[in-house]
Amino acid sequence: MRIATAQFTCVPADVAANVKQMAALIAEARTQDAELVVFPELALTGYELEAVRARRDLWVQADDARLDAIRASGVACVVNCAATADGEQPAVETLVFGADGELITTYRKQHLFEHEQDVFVAGQHDGRFEFGGLRFALATCFDNHFTELVSRGAADGCEVHLASSLYGTGGGAGELATVYPGIARDFDMHVVVANHVGPAGAWIGCGRSALWAPGGTFLAEADTDRPMVVTAEVG
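Residues numbered from 1 in each chain as written. Predicted model: local features only at pLDDT ≥ 70, side-chain atom pairs only at ≥ 80, totals over all residues. Heavy atoms only, no water.

Brief notes about the nonpolar core
Then comes step 1: Judged by nonpolar contacts, the single largest core of 40 residues is most densely connected at Met 22, Phe 39, Leu 44, Ile 70, Val 79 and Phe 120.
Then comes step 2: Those elements giving two or more residues to this core turn out to be strand S1 (2-7), helix H1 (15-31), helix H2 (49-54), strand S3 (76-83) and strand S4 (91-97).
Then comes step 3: In terms of residues, this core owes the most to one element, H1, which gives 6 residues.
Then comes step 4: With residues near it in sequence (within four places) discarded, Phe 39 still touches Ala 6, Phe 8, Met 22, Leu 25, Ile 26, Val 78, Val 79, Ser 164 and Ala 194.
Then comes step 5: By size, the runner-up hydrophobic cluster in this structure holds 26 residues, among which are Phe 131, Leu 134, Val 192 and Ala 194. (Core = buried A, V, L, I, M, F, W, Y, C linked by side-chain atoms within 4.5 Å. Buried < 20%, exposed > 50% of the residue type's maximum accessible area, 1.4 Å probe, protein only. Helix = DSSP H or I, 4+ residues; strand = E, 2+ residues; numbered from the N terminus. Contact = heavy atoms within 4.5 Å.)

Have a look at this one:
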């Protein structure tokens, strides 16, 4: 299977504008024969925590009409967003849509980073799905720093680990370059990370969205300064 990781600069707190950008990136991924596209953390709103806290209209559900262009793209997509939960706080949720637009699964970020704990409710369950004959594990940014979460996916037979993330310039770039090839090496899985590029809340996303093969062999990496899609054969 050919998998794409897509990075872009989100329009702050503008779901419609970000869906438009994402649809264009999916179209580009299709020209590269990608069957699955992974997007960064909070791709629908940008990493705009105060706006998400204050505005329920930025919280989405899987059947939200604003996502029609993504669901109609003909390519399977991993979309991370602020999603309506059961209480007064949203969740950092990953929605996985199949190529037919149907919802395959959802996953809520379990390990909230610092100030995220004031805005979101944490998830309680791991994310798994099967697609195209492969078994996938899901994780969101800070989740990937917890070995026990990653190891459960490997133990459950997952062959590909997908991460929607935000890492900034400076120390964040070093973390990205260490954590994800480390997962591929230590747990013998393909690893795909989608990161922000450019302004993202209080950070500047460092780009470098990438894919690694089991054992940590580097497959492909995006630039540090522009929206783009990169793909690689997985499985």
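Describing the pairing of strand S14 (residues 228-233)
Then comes step 1: Among the 6 residues of S14, 5 are classified as buried, and the element is accordingly described as predominantly covered.
Then comes step 2: Across 6 bridges, S1 lies against S14 in antiparallel orientation. The partner of Ile 3 across the bridge, within S14, is Ala 232. (Pairing = 2+ DSSP bridges.)

Let's talk about unusual backbone geometry
Then comes step 1: The phi torsion at Asp 33 lies on the positive side, around 65 degrees, for a residue other than glycine.
Then comes step 2: Summarising the element assignment, Asp 33 is placed in the loop between H1 and strand S2 (36-38).
Then comes step 3: Among the residues examined, Asp 33 registers a relative accessible area of 59% and is labelled exposed.

A few points about the environment of Arg 208
Then comes step 1: Of note, Arg 208 is situated in the loop between strand S11 (203-206) and strand S12 (210-212).
Then comes step 2: Separated by 12 residues in the primary sequence, Arg 208 and His 196 have C-alpha atoms spaced 8.6 Å apart.
Then comes step 3: Leaving out residues up to four positions away in the same chain, Arg 208 has contacts with Gln 7, Ala 173, Leu 176, Glu 221, Ala 222, Asp 223 and Thr 224.

What about the state of the cysteines?
Then comes step 1: Inspection of every chain in the model, using the stated rule, returns 0 disulfides.
Then comes step 2: Here Cys 10 stays free of any disulfide, with the sulfur of Cys 81 as its closest cysteine sulfur at 12 Å.
Then comes step 3: Note on Cys 206: no disulfide assigned, nearest cysteine sulfur contributed by Cys 141 at a separation of 10 Å. (Disulfide = S-S within 2.5 Å.)

Focus: the sheet that holds S12
Hydrogen bonds along the backbone pair up the strands of a sheet, which may run parallel or antiparallel.
Then comes step 1: Spatially, the 6 strands line up as an open sheet ordered S6-S7-S8-S9-S12-S13, and their pairing is mixed. The open sheet terminates on both sides in strands that have one partner only, identified here as strand S6 (127-131) and strand S13 (218-221). Here the strands of the sheet are splayed against their neighbours by 20 degrees on average, with no regard to which way each runs.
Then comes step 2: The pairing of S12 with S13 spans 3 bridges and is classified as antiparallel. Considered in S13, the bridge of Ala 210 is made with Glu 221.
Then comes step 3: Strands in contact with helix H4 (residues 147-155) are S6, strand S7 (134-140) and strand S8 (160-164); relative to S7, the strand with the most contacts, it is inclined by about 170 degrees. (Axes fitted to C-alpha atoms, helices over the stretch in contact; angles between N-to-C directions.)

Honestly, it's all geometry; don't read function into it.
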